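Take a look at the letters that make up each chain.
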Amino acid sequence: MKKFLALFLVFATMLSLLVACADPGEQESQTTASEETTEENQFDRIPDDLKYNGEEVVIISRAFQGWTWDEVAVPELNSEPVNDAIFNRNVTVGDRLNIKIVSHAIDDPDQSKPVTEARNAVLSGAQDFDMLAGACYLVLQSTLDGTFRDLTQLEYLDLSQSYWTQDYNEVISYNDKQFSATGMIALSTYRFAFVTMFNKPQFDDKGIPYLYEAVANDEWTLDYQAKIAEDFYQDLNGDGKKDEEDFYGLITSPYISTDPYWASCDLKLVEKNPDGEYEYVLDTERLSDVADKVLYLFYESGSYIYPHTGLDAEQDDIRIAFSKGNGAMATTRLVAAEQPDIRNMEEEYGIVPMPKFDVAQEEYGTLQHDQFTVYAILNTVGEDKFQMLGAVLEVMASESLRTVKPAYYEIALKRKYMSDPVAWDMLDLIFATVRIDAGIVYTNVLGNPHDLFRQIITAKKNTVSSKFSKMDRTVTKNLSKMENKLDKLE
C-alpha cells in the first residue's frame, strides 16, 4: 500500500505540472477522449425496440437544497454541467422508452417525509407513486414492512452491471431477494462520502507538509491528525479558553462526524457468514481503542467541536467555519465542495480520506453518510408497470454512468470546484475504499448501534465496554427479528 501510494503521489504531482502547462483546449479534448473510451462503452442491454405508451413514472424523493436537490430531476437547463446532465438524462430515458418521468420532490430537511409518504400510500392502497428515491437507512427499515417489491424479479434490471453499487447489492441482498438498489443513479453515493478537507496556506505557514504526503506514506492516522491539530491551535483572543474566536487544527462534531471512523478505522458491526446470514461481529476492544484516540483528538488537541443541532445542521456549521479560514482541517462530506462558501474560498484547500486507526492498518476506509439515496419500487405497482420500471431504472442508471458521472466527477467536481490535480487523484482513492456495513445501513432496525458511539464521544468519556455489552444483546436479538421479516417478504 505504501509503495503504491508513494508512486501515486509522484505521478499526481507530475500530472499537476502537466495540467498547469497544457492548453485549456487540449485538456478538454483529452478529458472527452477519456470519457468516450470508458463511460460510453458501458451501455445497458435494453432492446432498442422496447417502447411503452407514453406512461408516466412518478418518483417520490427528497430534494433538499445542499443534499439531494437535483438527483431525480431538475426543472430546466441552466448551463451548469450537473444540472444539464440530469435534465438530459431524463429526456434520453423518456425518448428511449417512450415514458415520462414525473418527480414528486419534497424540499424539507426531514429525510423521513418521502419515505413515510410512500409507505402510507402502500398501506392505503393508493397508486400515487411508482418509485421512491429515499434515504438508505429509512428505506431499509420500511422494506421490512413489505413496502417494496423484489427487484430480482425484474426482467430488464441487471444489478450486476457496473453502474449499480456491487457492495450495496452484496450487503442488502438476502435469500436471493433485494428490495432496493443504488449506484451512479444517485449522486449522493458520491456526495455523502466523508472526507478531510485541509487549508493549504495554513499548512504552508506552519511548514507542515500537505496531508497528501502522510497519506502516501501510510502515516495519515488519528494520532498524526491529533499531533498536527495541536500544533495549529492558536488562542487568538488571548483569553486562555477555546472558543469560536480562536484558530483550530480541526473543526468537527461529536455526532455525524464520528460516523466515518467506523470505516476509516476498519470497524465492522455486521457481516454475512458463509451461509449468507447476518452476524454481529463488532470488536469492542478495538472500538474502545478508537474511542480513546477520537476523544483525545476532539477534546485534548486543537479541535473545535460543533454540537449536534438537529437534522444534522452542524455539518453546515463545520463547512462555514472552514470556509472562513477558522481551521486547518475539517471533517465533512464531499458535497461541501459544491456549496458557494467553499467554492468562493480565498484560500486553496485539499482533500484526503479520513485518517486510519494506526500505521498497522493496511487500507484507508470511506463511509457514506447513511442518508445516501437508494431506489425502490412500491408494492402497489402492478405487474406490467413493475416490469416497465425495471427498464426505466436500468436506463436511468446506465445513462447516469455515461453522462451524469462525467459531468459531476470529471467536470464539476474536479475542474470546477477544485483546482488541485493531486486532490483529484485522492478522490479516486477515497471512492476505491468505500465500505458499506449492514450494521450502519440497517441502524434503525438494529437499535442504532453506531449512534451509541456518537453518544459516547459527545459525553467525553470512554464507556464503550459497559454500553456495548448491553448493545451486543440488543443487536443480536434484532438481527434475528430482521432476518425473520426478510424471510417472509414476497
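Structure shown above.
As the structure is a prediction and not an experimental result, all values here were calculated from the model.

Chemist: What is the right way to look at the overall build of the protein chain in this model?
Modeler: When helices and strands are counted, the protein chain shows 20 helices and 11 strands. A compact globule built from 490 residues should have a C-alpha radius of gyration of about 23 Å, and the protein chain, at 23 Å, falls within 12% of that. Oriented by its inertia axes, the alpha-carbon framework of the protein chain measures out at about 70 × 60 × 40 Å. In the protein chain, buried positions account for 58% of the 490 residues. Here the analysis covers contacts within the protein chain between residues at least 6 apart in sequence; of these, 79% occur between residues at least 24 apart. If you sum the accessible surface of the protein chain, you get close to 20,100 Å²; carbon and sulfur atoms cover 47% of it.

Chemist: When you look at unusual backbone geometry in this model, what are you seeing that I'm missing?
Modeler: Generally, phi is negative for residues other than glycine and the peptide bonds are trans, each holding for most cases. Backbone geometry at Asn448 places phi at a positive 60 degrees, although glycine is not the residue there. The residue Asn448 is located in the loop between helix 18 (443-446) and helix 19 (449-459) in this model.

Chemist: What is the right way to read the sheet that holds strand 10 (residues 349-352) from this model?
Modeler: Within a sheet, each strand pairs with its neighbour through backbone hydrogen bonds, oriented either parallel or antiparallel. In space, the five strands of this open sheet follow the order 8-5-9-4-10, with mixed pairing throughout. A strand with exactly one partner marks an edge of an open sheet, and here the two such strands are strand 8 (303-305) and strand 10. Pairs of neighbouring strands in the sheet enclose a mean axial angle of 25 degrees, with direction left out of account. Judged from the three bridges that link them, strand 5 (residues 248-252) and strand 9 (residues 327-333) form a sheet pairing that is parallel. Within the sheet, the bridge partner assigned to Ile251 lies in strand 9 and is Ala330.

Chemist: Explanation requested: the packing of helix 12 (residues 284-299) against helix 19 in the structure shown.
Modeler: A packed helix pair is summarised by two numbers, namely the angle formed by the two axes and the spacing between the axes. Helix 19 packs onto helix 12 with a crossing angle of 40 degrees between their chain directions and a minimal axis gap of 10 Å. Taken together, the axis directions place helix 12 and helix 19 in an arrangement best described as oblique. The interaxial crossing formed by helix 12 with helix 19 has right-handed handedness. Across the interface between the two elements, Leu287, Val290, Ala291, Val294, Leu295, Phe298 and Tyr299 from helix 12 touch Phe453, Ile456, Ile457 and Thr458 from helix 19. Taken together, the residues of the contact of helix 12 with helix 19 sort by class into 10 nonpolar, one polar and no charged.

Chemist: How do you make sense of the pattern of salt bridges when you look at a structure like this?
Modeler: A side chain with one charge may pair with a side chain of the opposite charge, provided their charged atoms come close. Under the defined criterion, the tally for this structure stands at 24 salt bridges. Ionic pairing is found between Arg96 and Asp44, a salt bridge with its closest N-O pair at 2.9 Å. Of this pair, Arg96 sits in helix 3 (residues 81-97) while Asp44 sits in the loop between helix 2 (24-38) and strand 1 (55-62); the two residues are 52 residues apart in sequence, bridging distant segments of the chain. Residue Arg96 is classed as buried on the basis of its relative accessible area of 17%. Note that Lys414 and Asp428 form a salt bridge whose closest N and O atoms lie 3.6 Å from each other. Residue Lys414 is found in helix 15 (residues 383-417), and its partner Asp428 is found in helix 16 (residues 421-432); the two are separated by 14 residues along the sequence. Judged by relative accessible area, Asp428 falls into the partly exposed class, the value being 34%. Overlapping salt bridges bring together Asp44, Arg96, Glu399 and Arg402 as one network.

Chemist: I would appreciate a short explanation of the side chain of Asn199 in the present structure.
Modeler: Tracing the backbone through its elements, the reader meets Asn199 in strand 4 (residues 194-199). In this structure the side chain of Asn199 is engaged in a polar contact, spanning 3.2 Å, whose partner is the backbone nitrogen of Gln202.

Chemist: Looking at this structure, how should I read empty space enclosed by the protein?
Modeler: Any empty space left between atoms is shown by rolling a water-sized probe over those atoms. Taken as a whole and assessed by the stated rule, the structure comprises five cavities of 30 Å³ or more. One number sums up the size of the largest cavity: a volume of about 60 Å³. Classifying every residue of the lining of the largest cavity by side-chain character gives four nonpolar, five polar and two charged.

Chemist: Quick question: what am I supposed to make of the packing of aromatic side chains here?
Modeler: For any pair of aromatic rings, the description rests on two quantities: the centre-to-centre distance and the angle between the ring planes. Tallying each qualifying case throughout the model produces 22 aromatic pairs. The interplanar angle of 50 degrees and the centroid separation of 5.0 Å between the aromatic rings of Tyr248 and Tyr304 together place this pair among those described as tilted. On the criterion of sequence distance, the pair formed by Tyr248 in strand 5 and Tyr304 in strand 8 is long-range, its members being 56 residues apart. Neither Tyr248 nor Tyr304 differs from the other in exposure class; each is buried. Three or more aromatic residues joined by ring pairs form one cluster here, namely Phe198, Phe203, Tyr210, Tyr212 and Phe232.

Rules used throughout
- The written sequence of each chain sets the order in which its residues are numbered from 1.
- Since the coordinates come from a predicted model, pLDDT governs what is reported: local features require at least 70, and pairs of side-chain atoms require 80 or more to be given and counted, while whole-chain, interface and lining totals use all residues.
- The basis for the side-chain values is all heavy atoms of the structure; hydrogens and waters are excluded.
- Starting at the N terminus, helices and strands are each numbered in turn, a helix being any DSSP run of H or I of at least four residues and a strand any DSSP run of E of at least two.
- The globule rule used here is 2.2 Å times the number of residues to the 0.38 power, and the radius of gyration it is set against is calculated over C-alpha atoms.
- Think of it in three bands: with a 1.4 Å probe and only protein chains considered, a residue is buried below 20% of the maximum accessible area for its type, exposed above 50%, and partly exposed in between.
- By definition, residues are in contact when any of their heavy atoms lie within 4.5 Å.
- Reported accessibility uses the Shrake-Rupley method at a 1.4 Å probe radius. Residues are deemed covered only where the shown protein chains occlude them.
- Strands qualify as paired when DSSP identifies two bridges or more between them.
- Every angle, taken between N-to-C directions, lies between 0 and 180 degrees, and every axis is a line fitted to C-alpha atoms, over only the stretch in contact when it is a helix.
- Reported orientations rely on four angle classes, namely roughly parallel under 35 degrees, roughly antiparallel over 145, roughly perpendicular from 65 to 115, and oblique for the rest.
- Should the near helix be turned anticlockwise from the far one by less than a right angle, the crossing is left-handed, and should it be turned clockwise, the crossing is right-handed.
- Under this grouping Gly is polar, as are all residues other than the nonpolar Ala, Val, Leu, Ile, Met, Phe, Trp, Tyr, Cys and Pro and the charged Asp, Glu, Lys and Arg.
- When a carboxyl oxygen of Asp or Glu is within 4 Å of a side-chain nitrogen of Lys or Arg, the pair counts as a salt bridge.
- N or O atoms within 3.5 Å of each other form a polar contact, as long as, within protein, one can give a hydrogen and the other can take it, and as long as residues adjacent in sequence are counted only when both atoms are side-chain atoms.
- Think of a 1 Å grid over the protein atoms and nothing else: a 1.4 Å probe that fits but is trapped marks a cavity, an open set flanked by protein within 12 Å on at least five of seven lines marks a pocket, and residues with an atom within 4 Å of a point count as lining.
- Grid points are joined across faces, edges and corners, and a volume is the space filled by probe spheres set on the points.
- Pairing of aromatic rings covers Phe, Tyr and Trp, the last through its six-membered ring, and needs centres within 6.5 Å; plane angles under 30 degrees mean stacked, over 60 mean edge-to-face, and all others mean tilted.

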